[in-house]
Amino acid sequence: MSNSPSPSPLSNDSLSPAGSESNQNSDPARSRFIHSLKGSTQFLSFWVAVALPFVHLPLLTQGLGNPRITLVFLALLGLNVLALYIGRDYNQS
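Residues numbered from 1 in each chain as written. Predicted model: local features only at pLDDT ≥ 70, side-chain atom pairs only at ≥ 80, totals over all residues. Heavy atoms only, no water.

Asker: So what about the packing of aromatic side chains? Which residues, and what values?
Answerer: Per the stated rule, a full pass over the model turns up 3 aromatic pairs. Between phenylalanine 43 and tyrosine 90, the ring centres sit 5.5 Å apart and the planes meet at 65°, which makes this aromatic pair edge-to-face. On the criterion of sequence distance, the pair formed by phenylalanine 43 in helix 2 (residues 28–62) and tyrosine 90 in the segment after helix 3 (67–86) is long-range, its members being 47 residues apart. Residue classification places phenylalanine 43 among the partly exposed positions, given a relative accessible area of 41%. What links up through ring pairs into an aromatic cluster is the set Phe43, Phe46, Trp47 and Tyr90. The lysine or arginine in question, arginine 88, covers the ring of tyrosine 85, its NZ or CZ lying 4.3 Å from the ring centre. (Phe/Tyr/Trp six-rings, centres within 6.5 Å; stacked < 30°, edge-to-face > 60°. Helix = DSSP H or I, 4+ residues; strand = E, 2+ residues; numbered from the N terminus. Buried < 20%, exposed > 50% of the residue type's maximum accessible area, 1.4 Å probe, protein only. Lys NZ or Arg CZ within 6 Å of the ring centre and 35° of its normal.)

Structure follows, in structure tokens:
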């Protein structure tokens, strides 16, 4: 009886990403469109993430005692985190 772990039926080499190169090369116009859309989305998300903290300041100076203001603040904070995540790789190349 051996205590060595059994090999996995799937290796990482057999798995390919969803947008593999063979699929992207089949339609160059679609590939350019997706690349352009990705770049635009990252650009917009990056600058939204930069600008949103300036919207937070007036809300914080008013105070978060009002539940409606607190909800708006938390929603904007969540949007800022999402924009940071999406725009994190903007202009890295």
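Next, the rest of the story.
Asker: Just give me the short version of the packing of helix 2 against helix 3, but keep the residues and values in it.
Answerer: Contact geometry of helix 2 with helix 3 gives a least axis separation of 8 Å together with a crossing angle of 155°. Here helix 2 is positioned roughly antiparallel relative to helix 3, judged by the angle of their axes. Our pair here, helix 2 against helix 3, has a crossing hand that is left-handed. Among the residues making up the contact of helix 2 with helix 3, the classes are represented as 17 nonpolar, 6 polar and no charged. (Axes fitted to C-alpha atoms, helices over the stretch in contact; angles between N-to-C directions. Parallel < 35°, antiparallel > 145°, perpendicular 65-115°, else oblique. Left-handed = near helix turned anticlockwise from the far one by under 90°. Nonpolar A, V, L, I, M, F, W, Y, C, P; charged D, E, K, R; others polar.)

Asker: Tell me about helix 3, and please be specific about residues and values.
Answerer: The end-to-end C-alpha distance of helix 3, which contains 20 residues, comes to 29 Å, matching closely the 28 Å that a straight helix rising 1.5 Å per residue would cover. Regarding helix 3, the residues found buried are Ile69, Phe73, Leu76, Asn80 and Ala83. Angularly, the buried residues of helix 3 cover 85° about the axis, an arc narrow enough to put them on a single face. Seen from the open side of helix 3, the exposed residues pointing more than 90 degrees away from its buried face are Pro67, Arg68, Leu71, Leu74, Val81 and Tyr85. Looking at the packing, one finds that the buried side of helix 3 touches helix 2. The residue sitting at the N-terminus of helix 3 and contributing the capping side-chain oxygen is asparagine 66; that oxygen lies 3.1 Å from the backbone nitrogen of arginine 68. (Expected span 1.5 Å × (residues − 1). Arc of directions from axis to C-beta. Contact = heavy atoms within 4.5 Å. Polar contact = N/O pair within 3.5 Å; in protein donor to acceptor, adjacent residues only side chain to side chain.)

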